[in-house]
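These are the residues of each chain, in order.
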Amino acid sequence: MTTTQAAQAGALQGIKVLDLSRILGGPLCGQILGDHGADVLKVEPPQGDDTRSWGPPFREGVASYYLGLNRNKRVQFMDLASAEGQAQVRALMAQADVVVENFKTGTMEKWGIGYEQMQQQFPHLVWCRVTGFGADGPLGSLPGYDAAIQAMAGLMSINGEADRDPLRVGLPVVDMVTGLNAVIGVLLALHERGRSGLGQLVDASLYDAGISLLHPHAANWFMNGKIPGRSGNAHPNIYPYDVVNTGKAPIFLAVGNDRQFRLMCQHLGQEALADDTRFATAGQRSINRDVLKPLLEKAFAAHDGVQLAQDLMAIGVPAAPVLNVEQALQAPHTAHREMVVKMGDYTGLGAPVKLSRTPASYRFAPLSEGTAFLDAANDH
C-alpha cells in the first residue's frame, strides 16, 4: 500500500465493526470508527433504528437525527429474535473485530448471542456494550436516557441561572460523551489485543459518563464539602468567565489569569479596575464577581460586541461573540477546519480529530446498503 493509499484508508483501515446499536451513543461510536477507516456494517431491526422517526425535519421519511449519526456505515435489516437472524449475526461476528451493541441487559443472552456466549467462540472480538447504568449494582440493567442521567448525575443541578429551576443541557451531552468513551475503550482494547491476541468487554455506561462530567464541581465538593449551585453562564471558580453585555451583541469573556485581566482593562482604558484590590487577583475577582460584572458592562457599553471580541482575542484575551447555530456552522473558520461535510445531498458535521497522515474520510452517506463486510481488495 502506498502512502497515498494509506492516507485514504484511514487509521483504522482493516478493522471490521459490527454495529448492532440504536439511538445515539452506540451509533456515534460506530460513525467515528467509520470516519477513521473502519468497515462498519450496521444491523437494524426490521422497523429500523428508532431515531429514523425522531423528527421533523425528515428527508424521504428519515429524520435528520438519524442521518447525523449513521454515515460511513452500510446498513441492513435483521430480526435478531429469529433463528435466521441469530445465525446471520453469528456469521458476521466471526469476521468482525468489534461489536457495538446497546441492547437491554439480558436481551442478547436470551437470543444466545450475548458477550459471554460469543466470547468462547470468538475470543478475538472486542465487544463494546453501551448501557444506561451497567449490568449490575443498585441500578444495573435499568434503561437509561440522556436527560434522566443529567438529572441523576447532578448535571441539571449546576446548570441554569441561580434563581431558576435546574436545567437540562441543551444537547444530549451524556449520550455523546458515552459514545466518545466507547470509542476510547474500543481503541484501548484493540491496542491491547495486539499484544494478547484476545478481545475483551468494553463497558460504557451513560451513568458513568454523566458522573465523569462533574469537573470542577466534584473537585470543589471533595475539597470544601459545599454543594455546588447554579451559576448561569459564569464559571464557579474563575471570573470574568461569563456572558457580558456590550453596546450591541453580548460576548463571552474567558479571562483565566491576572495578565489577561490587566490586558483587557488596559484595552478598555480601565486600568483602575486591574489595580483595585477587589479585582487584582483571580481569587478576589471570583469572590467579588457581583460587583465586577456591572462595572465591566458599563465599560463595554460604548463597544460593539463582535468587534470587541475580535480586538480582545488579538491582544491575547479570550473572548467570543455569542453565535447561533446557523452563524456557527457558516463561520469561515468552521469551513477552514472542514467541520461541515457534504456528500451528494447529505450534509453533516465533520470529524473533529485531525490526523496528519491518515485523516478521516467520508465514503458512505447515511442509508447506504450492505449485507457483508467488504473484501480487503475492494475496501475503500
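The protein appears in an unreviewed UniProt entry as CoA transferase from Comamonas squillarum.

Draft legend 1. Spotlight on the packing of helix 2 (residues 25–35) against helix 8 (residues 173–196). Between helix 2 and helix 8, the least distance of the axes is 8 Å, while the angle of their chain directions is 50°. Considered as vectors, helix 2 and helix 8 are oriented oblique to each other. Pair helix 2 / helix 8 crosses with right-handed handedness. Taking contact as the criterion, the partners of Gly25, Leu28, Cys29, Ile32 and Leu33 in helix 2 are, on helix 8, Asp175, Met176, Gly179, Leu180, Ala182, Val183, Val186 and Leu187. Tallied by class, residues from the contact of helix 2 with helix 8 come to ten nonpolar, two polar and one charged.

Draft legend 2. Geometry of the nonpolar core. Within the largest apolar cluster, 29 residues are counted, with the highest numbers of intra-cluster contacts made by Ile15, Val17, Leu33, Ala38, Val98 and Cys128. No other element matches helix 8, which puts eight residues into this core. If sequence neighbours within four positions are ignored, Ala38 has contacts with Leu12, Ile15, Val17, Leu33 and Arg363. Phe261, Leu296, Leu312 and Ala319 belong to the second largest nonpolar core, which has 22 residues in total.

How each quantity is defined
Residues numbered from 1 in each chain as written. Predicted model: local features only at pLDDT ≥ 70, side-chain atom pairs only at ≥ 80, totals over all residues. Heavy atoms only, no water. Axes fitted to C-alpha atoms, helices over the stretch in contact; angles between N-to-C directions. Helix = DSSP H or I, 4+ residues; strand = E, 2+ residues; numbered from the N terminus. Parallel < 35°, antiparallel > 145°, perpendicular 65-115°, else oblique. Left-handed = near helix turned anticlockwise from the far one by under 90°. Contact = heavy atoms within 4.5 Å. Nonpolar A, V, L, I, M, F, W, Y, C, P; charged D, E, K, R; others polar. Core = buried A, V, L, I, M, F, W, Y, C linked by side-chain atoms within 4.5 Å. Buried < 20%, exposed > 50% of the residue type's maximum accessible area, 1.4 Å probe, protein only.

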